[in-house]
Amino acid sequence: MFLDYTTVQVQAGRGGDGRVSFLRNRHNPRGGPDGGDGGRGGDVIVQASHNSSTLSKYRVKKVWKAEMGVAGGPNKCSGKNGQDLIIIVPPGTIVRRGDDVIADLTEDGQSAVVARGGNGGRGNTHFVSSTYQAPKFAELGLPGDAAELVFELKLIADVGLVGLPNAGKSTLLSVVSSARPKIADYAFTTLTPNLGMVRYHDNELIFADIPGLIEGASEGKGLGDEFLRHVERTRALVHLVDATDEDVAKSFTTVRKELAGYSEKLAHKPSVVVLSKSSYLLEDELKLKRKQLARAAKIKMAEVVLISAQEHMGIDELLAVTTRVIAEAPVYEAAEDEQIIDVPVESVVDWYLEPEADNRFVLKGNVADRWGGRTNFQQDQAVERLRRAMSRAGVFRRLKQLGAPEGKTTIIVGGHELTW
Ligand SMILES: Nc1nc2c(ncn2[C@@H]2O[C@H](COP(=O)(O)OP(=O)(O)OP(=O)(O)O)[C@@H](O)[C@H]2O)c(=O)[nH]1
Ligand SMILES: [Mg+2]
């Protein structure tokens, strides 16, 4: 089990100032004070909701402020209260302020005020006395509470990435999520698990990338199998086999043996079998390896998913298959005594490019869908705006990295073609 955590700053609203004002009109040239009170500042409230599943949002936006109260007006008008700010977190989130737990939100809908808004100041109407018949002062609103809070959430990854060292597990994680694990061309690059949140259509899945396994891992060889307990709770495994391995069947069975050596549960976990780095191979060779792998895994050849993470190939299919497998897999309930490790979930990846043909790429991902859906492609300025957004998000930079020629590359967004 993993611990997702982040710090956030919350600021409740300041109260509105009281008003200094006097009634003045034709009948009443020197009327009495009539300054109204300021409104209360809004509270900051943290609320648990089933619609939220990770804390990643709070790693992006760090400061959360409730609305200020409005100052009082003339005519004894009170200022409006500031609106409360409601921060939505997944059930299971603990909110801490320093070492104190200030909220433990377990149920859907449960909420707690974590910062109180300041009271509004009173207007000058309140301060008439024998000393001040016409008070020219009023109270200021009080500042709202400000605090640095820690949000913590224990979570279970949905998908575990397994395979021999160097199979491309971390590379895959870096492509499907915005996690940035270390990637290198040698064994045991990954020393501790990495987590990434993957959005695929309406699903949010947490992928755990763990260190590679080698023969004898269950007896402690290599980095051993201690990380397997982190994927023992997942709902499915994605088993990566490097297509450039001499004997893909052996690569596969080596890892299966270690999984089985660790636990029965792992051995029977629903798995997606993947041939990675498949763009390296010629078609015939690839077909052969796919066949060998399918035989070793006792599945149909078509069930072996081909990917090339570096070129973003096959990623969509892999996510589709994985989502399907998970939908049929049971949900794991955490045991009380389960150990947890701290790994913040990296925030959501929003777009990726899938090559379609030479110099043609389809822009995919949830932000890409939004861009496609919101842009009126009939309006030049709307298209310009979209280009700017894509540029800011690094789409063109990515195309350059992929070696696409500028001026001759077509990007397909929401079914429309753009030239880059
Ligand atoms: N050409 C190509 N190279 C890839 C692809 N995927 C991964 N690689 C390369 O393979 C090497 C290993 O990738 P990693 O993602 O670090 O492999 P890993 O499975 O996480 O390795 P460990 O952490 O050591 O278990 C790196 O040099 C990657 O750049 C791919 O799709 N195509
Ligand atoms: Mg790795």
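All figures in this text were calculated on a predicted structure; none of them were measured in a lab.

J.: Where do I start with the pairing of strand β5 (residues 93-97) in this structure?
T.: Each regular strand carries side chains that alternate between the two faces of the sheet. Pairing analysis gives 5 bridges linking β5 to strand β6 (residues 100-105), with the strands arranged antiparallel. Within β6, the residue paired with Arg-96 across the bridge is Val-101. Taken together, β5 and the strand that follows it, β6, pair antiparallel across an intervening segment of 2 residues, in which Gly-98 is found at a positive phi of about 60 degrees. Judged from the 4 bridges that link them, β5 and strand β8 (residues 146-155) form a sheet pairing that is antiparallel. Residue Arg-96 lies in a different strand from β8, and its bridge partner there is Val-150.

J.: Can you walk me through the sheet that holds strand β9 (residues 159-163) in this structure?
T.: Paired through backbone hydrogen bonds, the strands of a sheet run either parallel or antiparallel to each other. If you walk across this open sheet you meet the 6 strands as β10-β11-β9-β12-β13-β14, and the pairing is mixed. Every other strand in the sheet has two partners, leaving β10 (194-200) and β14 (305-306) as the edge strands with one partner each. Both strand β13 (residues 271-276) and β14 contribute to a ladder of 2 bridges, which runs parallel. Bridging from a neighbouring strand, Leu-275 pairs with Leu-306 of β14. Against the sheet, helix α2 (residues 169-176) touches β9, β10, β11 (203-209) and β12 (236-242), its axis set at about 45 degrees to β10.

J.: Looking at this structure, I do not really get the site of ligand 1. What am I missing?
T.: Taken together, 21 residues are adjacent to ligand 1, and Lys-169, Ser-170, Thr-171, Phe-188 and Thr-190 come closest. A distance of 2.5 Å separates an oxygen atom of ligand 1 from a polar atom in the side chain of Thr-171. Contact between ligand 1 and Thr-189: an oxygen atom at 2.8 Å from a main-chain N or O atom of the residue. When isolated, ligand 1 has an accessible area of 650 Å², and the protein chains bury 93% of it.

J.: Quick question: what am I supposed to make of the nonpolar core here?
T.: Nonpolar side chains tend toward joint burial in soluble globular proteins. Ranked by size, the top nonpolar core spans 42 residues in total, and within it Val-10, Val-44, Ile-87 and Phe-151 carry the most contacts. With 5 residues, β8 is the single largest residue contributor to this core. Aside from chain neighbours lying at most four places away, what touches Val-44 is Val-10, Gln-11, Ala-12, Trp-64, Ala-66, Leu-85, Ile-87, Ala-112, Val-113, Val-114 and Ala-115. If you look at the next biggest cluster of nonpolar residues, it comprises 26 residues, including Val-198, Leu-205, Leu-240 and Val-321.

J.: Help me out: how do you make sense of the coordination of the magnesium ion (ligand 2) in this one?
T.: Geometry sets the ideal angles at a metal, namely 109.5 degrees for four tetrahedral donors and 90 or 180 degrees for six octahedral donors. The magnesium ion (ligand 2) binds to the protein through Ser-170 (OG) and Thr-190 (OG1), with metal-donor distances spanning 2.0 to 2.1 Å. You can see Ser-170 sitting in helix α2 and its partner Thr-190 sitting in the loop between α2 and β10, a full 20 residues away along the chain. Each member of the pair, Ser-170 as well as Thr-190, is classed as buried.

J.: In this structure, what is going on with a positive patch on the surface? I would like to understand it.
T.: A cluster of basic residues, Arg-370, Arg-374, Arg-385, Arg-388 and Arg-392, forms a positive patch on the protein surface. Those elements giving two or more residues to the positive patch turn out to be α8 (366-374) and α9 (380-393). It is α9 that contributes the most residues to the positive patch, 3 residues altogether. Of note, Arg-374 is situated in helix α8. Residue class for Arg-374 comes out exposed when judged on its relative accessible area of 70%.

Analysis parameters
- Residues numbered from 1 in each chain as written.
- Chains lettered and ligands numbered in written order.
- Predicted model: local features only at pLDDT ≥ 70, side-chain atom pairs only at ≥ 80, totals over all residues.
- Heavy atoms only, no water.
- Pairing = 2+ DSSP bridges.
- Helix = DSSP H or I, 4+ residues; strand = E, 2+ residues; numbered from the N terminus.
- Contact = heavy atoms within 4.5 Å.
- Axes fitted to C-alpha atoms, helices over the stretch in contact; angles between N-to-C directions.
- Near = heavy atom within 4 Å.
- Polar contact = N/O pair within 3.5 Å; in protein donor to acceptor, adjacent residues only side chain to side chain.
- Areas by Shrake-Rupley, 256 points an atom, 1.4 Å probe, with all protein chains shown as cover.
- Core = buried A, V, L, I, M, F, W, Y, C linked by side-chain atoms within 4.5 Å.
- Buried < 20%, exposed > 50% of the residue type's maximum accessible area, 1.4 Å probe, protein only.
- Donors = N, O, S within 2.8 Å, 3.2 Å for Na, K, Ca; no water.
- Patch = residues over 30% accessible without salt bridge, like charges linked within 9 Å, V, L, I, M, F, W, Y side chains within 5 Å.
- Salt bridge = Lys/Arg side-chain N within 4 Å of Asp/Glu carboxyl O.
- Lys, Arg positive; Asp, Glu negative; His and termini not counted.
- Charge placed at Lys NZ, Arg CZ, Asp CG, Glu CD.

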